[in-house]
Amino acid sequence: MIPGKYRSVSGRATNNVNCGLHLVIQTSSLPEKNKVEFRLNKETSSFPGRLLQHDLERNYSSRQGDHINLVSSSMPSFPILQRSSEEKILYSDRLTLERQKLTVCPVIDGEEHLRLLNFQHNFITRIQNISNLQRLIFLDLYDNQIEEISGLSTLRSLRVLLLGKNRIKKISNLENLKSLDVLDLHGNQITKIENVNHLCALRVLNLARNLLSHVDNLTGLDSLTELNLRHNQITFVRDVDNLPCLQRLFLSFNNISNFESVCCLADSASLSDITFDGNPIAQESWYKHTVLQNMMQLRQLDMKRVTEEERRMASLVAKKEEEKKRESHKQSLLKEKKRLTINNVARKWDLQQHRVTSIATNQDRKDTDSPSQDSCQMDGSTISAFPEETGPLDPVLTNALQGLSVTDTHLVEVEGDTLSLYGSGALESLDRNWSVQTAGMVTTVSFTFIEFDEIVQVLPKLKMKFPNSLHLKFKETNLVMLQQFNALAQLRRIDQLTIDPQGNPVVNFTLWKYYVLFRLSHFSMQKINGTEVTQNDMIMAERLFGILAHVASSELPQYRVISILGDARKKQFRYLQETKGKKPGIVNEENNDSKRLVGENTNRAMLNYTTRDFYNEKLEEIKEKKKFCQMYIEDLVKEATEINKKNEALQKLWPQMFIELVRDAVIEIRSKNSYMKLCLQQITDQK
Amino acid sequence: MLKLGSYPGQRMLSPERLALPDYDYLAQRHVLTYMEDAVCQLLENKEDISQYGIARFFTEYFNSVCQGTHILFREFSFIQATPHNRASFLRAFWRCFRTVGKNGDLLTMKEYHCLLQLLCPDFPLELTQKAARIVLMDDAMDCLMSFSDFLFAFQIQFYYSEFLESVAAIYQDLLSGKNPNTVIVPTSSSGQHRQRPAVGEASLPEGVEASLFSQCLENLCDRHKYSCPPPALVKEVLSNVQRLTFYGFLMALSKHHGINQALGALPDRGDLMHDPAMDEELERLVMRSRLHRTSRQHRATEPGAFGFQRRDKLEAPENMLSASAPTPYPYRWEPRE
């Protein structure tokens, strides 16, 4: 079908008897004429012919007038066309051979002035015998059986070439048609746009209903205003931005599914009218505003005018999408980093747990550190994104993940109400200045890949900085002894406790839950490992371990009670003093706090936990004292035994000594006179 | 170091005792250990103790030694130091965790070790393992054990650990055909002896001959004067069987009433779960905790809803809570040697 402008205003073929054909062509690039008229008359003429002529006469004489004379030529298959001289004069520049059941192009003699030639609705398979019509401007071969473009090389003046509804497989042999204004190749079997780059006068190119799978190679078409590519299989479009005059582009009913495949359209400043209907892209939710956003110059989309409102909406939506995409990209990046870090921490933890050959594992650790450093793209520097440090943030960002510092060796993350710590290095993050809001929101604290003994040491800090933490989770923290749970008693309150079996052997013990309930009974825990705590559980716990507490509190001598309590308090104060410096005010506060706790649970408070290292430290310290005590006691014993020996010796010797004493005394007093003299002498000697 | 005396089983004021040279006496009674420990404790807790006087401290200290509470939460080296300490520890363990046994739970070796660690943080695992081996006859070490089985085996292992080591050595010698007492053994048994290595590994399940073993042990008891089970009882154990294995022997020791009584730390096996004073106290605690909890949570519960042996529950519910003052120590425990 040729475009409406060029369609002939005529009746149907059967009515050609009466009316003439009236073909109007309007071309603006034709300087000479505005109209080229073409009329057929009913003049008859007879031809002596051969076989074909006979056929032709038979065929045509019934329907049309014998106004066309086809004579046989010297070549057996080509009829020769001759018109009466009257016709020639009347319609010297136009010739219609529509529906003449022509299978070949006839030779047209003596019509060198012909400007318009119409071969519509025939069965012509090849373009031939028109090379002599060098003034031809309009050639219509619509609805034939032409398989190849050829025989046009002499028609240098040709402006309109209508080859729609043929069987053309390839665009070719158009080299000399430099004046071509309209090229209609719709309804063919063309698979590729080629050999049109020289057609710099071409304004309309119709390639609808072909087999095109992509559009490119459009350079050189400097005048092209309209390009019709409807009903093809086009998946991407290129080179359109090289068409400086292109205003209308029809891509309906193709296979375009995203805007990237037609992105060159965005760069075309001249485009004002575009259609995409019937493509997969038109079904997408983002279709309209994406197109409008990328092609601000458009006036019509899918044959509908583009309003300002639509344009505004489009840009808004596009911006939002951009934001979202950026956000999700950032988040996925963060997530990836987090995952890598956690893997790294896990690996380190495993190495730590299975520390057999230190040298080998050290090397391993070095090796595993470097690739992960590369992949993480960080060199131990922290990336912090505290809400209070960055400026006002998008609501989208604050609602989502609030990732904090991520390094190779540990990970700290606050996600809503959960604070997650991975790796022992993460414990240092508790020293940071957390905003009151963030810290207040945290109700769950999760520890992974950290030794429980290390966690115990920062529990006072945790208590201070995150006062609302009610749920503690431990995974891979090396909880092995029931006694370790004693350390949790120093917190203010725990509602829920989750001990993941992975990495915590203590969970294998049947009575661990009861012990926890017993020791931390003053917290009145609601849940342990997800299961509710019932009254019966509490009673059972009390039954199992109540005597232990009773013994611990009532049967220990007073000095032990004081020393144990004092120890616990001393430990807490040590950490407080380290962080805050010696402020007596605060110390007193803590004193009251712990006193209150102790008052709640006198009998439980005896059950403490000192970390293994701390315990061994203490034992080491005591060794010195023990040695001293040993020596001291030895000295005492020595003294005592000496005294004892002397005593015993005295006991043995005493009778003898006594007798001698008495004998000496009696001998002295025997002679009164000499004794009196002796006494006097003694007195005088004293002076 | 100090030469040990050689007078077993003495009474308070027996002439032999008084005739001991001073150092020997002190060493035998471990007086010095306690003195040293007392002074050490004093040094450690100077500031706290100076509040209420040194005399009072010493009184309390030695009182607690007599009562057997001095070993609570102390380090393992101290607990192991004297037989009296060991016995006190055994008794404390029994009293504190009798309820666990009463509840009927069977626990693994590791779990018992956990419980031990609650009382002594650095208690070594090997001892618990050895005790478990006695119960389980050196078989699957992950098996569950009942409280009484474990406790009695643990008693033997812990109290007589040095003795048991020597016995193990002797047993190994006997198994491998060497006789440590070649001089004393009559020629007839030495013939038997020489046959044994031919049998070799196949005889392991059968162990060693009881009479021979018994004689070796007798000699051992004569030589080792500290913590040795009464030789008469040992002989009794060995006289009942022809042959026995090492762990069979230990198991027999642990089950023997006489030895348990001679040790004096634990009650008889039948009475193991029986401690009315403590049960009373426990009921009081449970009652208090229940009230405490219901006042916080407004939840009513049914007492007696759990399958639990309650032998001594008779007066407990009527004994409503008095003040939270701890009850005075109900009875004193006399240490025996």
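Predicted model only: the values in this text are computed from it and were never measured. (Residues numbered from 1 in each chain as written. Chains lettered and ligands numbered in written order. Predicted model: local features only at pLDDT ≥ 70, side-chain atom pairs only at ≥ 80, totals over all residues. Heavy atoms only, no water.)

Pairing between side chains of opposite charge can happen when their charged atoms approach one another. Enumeration over the complete set of coordinates arrives at 23 salt bridges over all chains. Ionic pairing is found between A:Lys626 and B:Glu75, a salt bridge with its closest N-O pair at 3.6 Å. Taken together, the residues span two chains, with A:Lys626 in helix 14 (residues 612–670) and B:Glu75 in the loop between helix 5 (54–67) and helix 6 (76–79). Overall, A:Lys626 belongs to the partly exposed group, its relative accessible area being 32%. For B:Glu75, a relative accessible area of 8% corresponds to the buried category. (Salt bridge = Lys/Arg side-chain N within 4 Å of Asp/Glu carboxyl O. Helix = DSSP H or I, 4+ residues; strand = E, 2+ residues; numbered from the N terminus. Buried < 20%, exposed > 50% of the residue type's maximum accessible area, 1.4 Å probe, protein only.)

Moving on, we come to the UniProt feature "coiled-coil region" (unreviewed entry) in chain A. Here the UniProt feature "coiled-coil region" (unreviewed entry) sits at residues 306–339 of chain A. The span residues 306–339 of chain A carries 94% helix and 0% strand; its end-to-end C-alpha distance comes to 47 Å. (UniProt positions renumbered as here; feature names shortened; annotations may be inferred.)

The partner chain A presents 57 residues to the 67 residues of chain B that form the contact. The contact between chain B and chain A buries some 5,800 Å² in all, and 65% of this surface belongs to carbon and sulfur atoms. One can count 2 salt bridges joining chain B with chain A. In this structure, B:Glu283 engages A:Arg543 in a salt bridge whose closest nitrogen and oxygen atoms are separated by 2.8 Å. Summed over the shared surface of chain B and chain A, the number is 4 residue pairs in polar contact (both at pLDDT 80 or more). Secondary-structure elements contributing two or more residues to the side of chain B that touches chain A are helix 2 (22–28), helix 3 (31–44), helix 4 (46–49), helix 5, helix 7 (83–102), helix 8 (109–119) and helix 17 (276–297) of chain B. Per-element accounting of the side of chain B that touches chain A gives the leading share, 12 residues, to helix 17 of chain B. Residue classes in the side of chain B that touches chain A are distributed as 31 nonpolar, 14 polar and 22 charged. (Contact = heavy atoms within 4.5 Å. Buried area = accessible area lost by both parts, 1.4 Å probe. Polar contact = N/O pair within 3.5 Å; in protein donor to acceptor, adjacent residues only side chain to side chain. Nonpolar A, V, L, I, M, F, W, Y, C, P; charged D, E, K, R; others polar.)

Residue and element names in this part refer to chain A. One open sheet holds the 11 strands; their spatial order is 3-5-6-7-8-9-11-13-14-15-16, and the pairing between them is mixed. Each edge of the sheet is formed by a strand with only one pairing partner; in this case those strands are strand 3 (94–96) and strand 16 (304–305). Summarising the sheet, strand 8 (residues 182–184) and strand 9 (residues 204–206) pair through 3 bridges and their orientation is parallel. The residue of strand 9 that forms the bridge with Asp184 is Asn206. (Pairing = 2+ DSSP bridges.)

All names here are of chain B. Looking at helix 14 (residues 231–239), one finds that the buried residues are Leu233, Val234, Val237 and Leu238. Angular distribution of buried residues about the axis of helix 14 spans 135°; they occupy a single face of the element. What points out from helix 14, more than 90 degrees from its buried face, is the exposed set Ala232 and Ser239. Residues of helix 14 that are buried sit in contact with helix 13 (210–223), strand 2 (243–244), helix 15 (246–255) and helix 16 (257–263). (Arc of directions from axis to C-beta.)

Looking now at the nonpolar core. Residues A:Phe485, A:Leu488, B:Phe97, B:Phe213 and B:Phe249 are the most contacted members of the largest nonpolar core, which totals 150 residues. Looking at this core element by element, the count peaks at 11 residues for helix 10 (residues 535–554) of chain A. For A:Leu488, the residues in contact, after removing those within four places along its chain, are A:Phe452, A:Leu459, A:Leu472, A:Phe474, A:Ile494, A:Leu497, A:Leu520 and A:Phe523. By size, the runner-up hydrophobic cluster in this structure holds 68 residues, among which are A:Cys105, A:Leu114, A:Ile146 and A:Leu227. (Core = buried A, V, L, I, M, F, W, Y, C linked by side-chain atoms within 4.5 Å.)

We now examine the confidence of the model for chain B. Residues and elements named next belong to chain B. Here chain B averages 72 in pLDDT, while 69% of its residues score no lower than 70. Overall, residues 1–11 carries pLDDT values under 50, and its contacts beyond four positions in sequence, including any with other chains, amount to 12 contacts. Per-residue pLDDT stays below 50 along residues 298–337; that stretch engages in 60 contacts with residues further than four places along the chain or on separate chains. Listed scores for the predicted complex are pTM 0.59 and ipTM 0.71. (pLDDT = per-residue confidence, 0-100.)

Take the packing of aromatic side chains next. Between two aromatic rings, the relevant description is the distance of the centres plus the angle of the planes. All names here are of chain B. Tallying each qualifying case throughout the model produces 32 aromatic pairs over all chains. Ring plane angle 25° and centroid distance 6.2 Å describe the contact between Phe93 and Phe147, whose orientation is recorded as stacked. Of this pair, Phe93 sits in helix 7 while Phe147 is found in helix 10 (residues 147–159), placing the two residues 54 residues apart along the sequence. The class of Phe93 is buried, set by a relative accessible area of 0%. Seen in terms of ring centroids, Tyr160 and Phe163 are 6.3 Å apart; in terms of plane orientation they differ by 70°. Their pairing is edge-to-face. This pair shows no difference in class: Tyr160 is buried, exactly as Phe163 is. Taking NZ or CZ as reference, Arg74 lies 4.1 Å from the ring centre of Phe78, over its face. (Phe/Tyr/Trp six-rings, centres within 6.5 Å; stacked < 30°, edge-to-face > 60°. Lys NZ or Arg CZ within 6 Å of the ring centre and 35° of its normal.)

Residue and element names in this part refer to chain B. Put simply, helix 9 (residues 125–136) and helix 10 touch, their axes get as near as 8 Å, and they point 120° apart. As the angle between them shows, helix 9 and helix 10 are arranged oblique. Considering only the axes of helix 9 and helix 10, their crossing is right-handed. Of the residues in helix 10, those in contact with Leu127, Thr128, Lys130, Ala131, Ile134 and Val135 of helix 9 are Asp149, Phe150, Ala153, Phe154, Gln157 and Phe158. (Axes fitted to C-alpha atoms, helices over the stretch in contact; angles between N-to-C directions. Parallel < 35°, antiparallel > 145°, perpendicular 65-115°, else oblique. Left-handed = near helix turned anticlockwise from the far one by under 90°.)

Residues and elements named next belong to chain B. Helix length check: helix 9 (12 residues) gives 16 Å between terminal C-alpha atoms against 16 Å at 1.5 Å per residue, within 8%. Residues of helix 9 that are buried include every one of Leu127, Thr128, Ala131, Ala132, Ile134, Val135 and Leu136, and no others. Turning to helix 9, the residues buried within the fold contact helix 6, helix 8, helix 10 and helix 15. Trailing helix 9 by a residue or two, Met137 shows a phi angle of about 55°, which is positive. (Expected span 1.5 Å × (residues − 1).)

Looking now at the pairing of strand 21 (residues 471–475) of chain A. Residues and elements named next belong to chain A. Here strand 20 (residues 444–448) pairs with strand 21 via 5 bridges, running parallel. When the sheet's bridge partners are listed, Thr444 is paired in strand 21 with His471. The β-α-β motif built from strand 20, the intervening helix 8 (residues 452–465) and the parallel element strand 21 has right-handed crossover chirality. Two strands pair when backbone bridges link them, and strand 21 and strand 22 (residues 496–499) are joined in this way by 4 bridges, in the parallel orientation. Bridged to Phe474 within strand 22 is Ile499. (Right-handed = clockwise from strand over helix to strand, strands pointing away.)

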